[in-house]
Amino acid sequence: MLGRSPIPRFLTMPNKHTDAEAALKKLGDHLRLGWAKKHPVSDKSIESVKNTVREQWEQEQITERPSKPAPAPAKDKSRKPVEPDREG
Amino acid sequence: MEQLIKLVKTYRLSSGLAERLRLAEAIFHLIEPDLRAFVFSAIKPHAAKDVLQEVLISITKSLKTFEGSSKEQFLAWCYQIARRRIYDHIRKKASDRLQPMPHDELLDLVDTSEQAAPMTAADRHDLEYALSLLDSSKPECRDYLWNHYVIGFDYSEIAEEQNLNYDNVRMKIGRCLDEAQSLVS
């Protein structure tokens, strides 16, 4: 192997795309920074999120609250208890 | 942004309303600007406001079911939800699809970003180069370069959206980049 590198040639060649790829990614970072600076988070967005959290939480409380026990069926003792619904 | 995934993990475990509200607010303060930029870069402004609200609500509703463990996974998951809402909207109303952001508008955002993070001469050179790559590309290529490099979608996400296979997208993007580079140089 004298005179030949054991490293395949394609691994040592510079990636011709690297500069362009890095520049485009950098553009993405700066656009997001610029956008965030120009348009701070709106109160409307945060309110929507909070309302959804509240609704979801209330729904969970209703689901988790133990329902009023039904009168015990005296005759059919072999029936298995029904499992509560599980959240998806 | 490193704190983002910590907030999401804590939210998943939290049960009290006050704690969830506090965490949700902190999470969305970090991700809303990115999502808004994404939605507003895809849909006309009059419709984008409503679509953004739908995106935020969808993410909030599913926040407890997110199973990833890194910031990157979480952002990819958020973008996936955003992309679906955007395409749902465009399917119903194709005329709301926004044309690519014009050069001046991009330049304005880049200038504004300098207020948040000072820019070196090399940075400015790179950004001008990136803009010229986009400007010189044909519309289809511009979309690919924009979605993959600027927005950050990976090949598989673009493949799914375009109904193409992974290698096909990877090669198309490579060719688009080659073409743009040769036109700019």
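Overview of the structure. (Residues numbered from 1 in each chain as written. Chains lettered and ligands numbered in written order. Predicted model: local features only at pLDDT ≥ 70, side-chain atom pairs only at ≥ 80, totals over all residues.)

Focus: the packing of helix 6 (residues 121-136) of chain B against helix 9 (residues 166-184) of chain B
Residue and element names in this part refer to chain B.
- As a packed pair, helix 6 and helix 9 sit with axes 9 Å apart at the nearest point and diverge in direction by 110°. Taken together, helix 6 and helix 9 sit at an angle that is classed as roughly perpendicular. Across from Ser132, Leu133 and Ser136 in helix 6, the residues of helix 9 making contact are Ala180, Gln181, Leu183 and Val184.
- Class assignment for the residues of the contact of helix 6 with helix 9 results in four nonpolar, three polar and no charged. (Axes fitted to C-alpha atoms, helices over the stretch in contact; angles between N-to-C directions. Helix = DSSP H or I, 4+ residues; strand = E, 2+ residues; numbered from the N terminus. Parallel < 35°, antiparallel > 145°, perpendicular 65-115°, else oblique. Contact = placed C-beta atoms within 7 Å. Nonpolar A, V, L, I, M, F, W, Y, C, P; charged D, E, K, R; others polar.)

Examining the interface of chain B and chain A
- Listed per partner, the contact involves 39 residues of chain B and 31 residues of chain A.
- Counting only elements with at least two residues in the side of chain B that touches chain A, the list comes to helix 2 (17-40), helix 3 (45-62), helix 5 (103-116), helix 6, helix 7 (139-151) and helix 9 of chain B.
- Top element by residues in the side of chain B that touches chain A is helix 2 of chain B. It accounts for 12 residues.
- Looking at the side of chain B that touches chain A, its residues break down into 23 nonpolar, eight polar and eight charged.

Topic: helix 4 (residues 71-92) of chain B
Residues and elements named next belong to chain B.
- Between its first and last C-alpha, helix 4 extends 32 Å over 22 residues, near the 32 Å set by a 1.5 Å rise per residue.
- For helix 4, the set of buried residues is Phe74, Cys78, Tyr79, Ala82, Arg83, Arg85, Ile86 and His89.
- Against the buried residues of helix 4 lie helix 1 (2-13), helix 2, helix 3 and helix 8 (155-162). (Expected span 1.5 Å × (residues − 1). Buried ≥ 20, exposed ≤ 12 C-beta atoms within 10 Å, placed from the backbone.)

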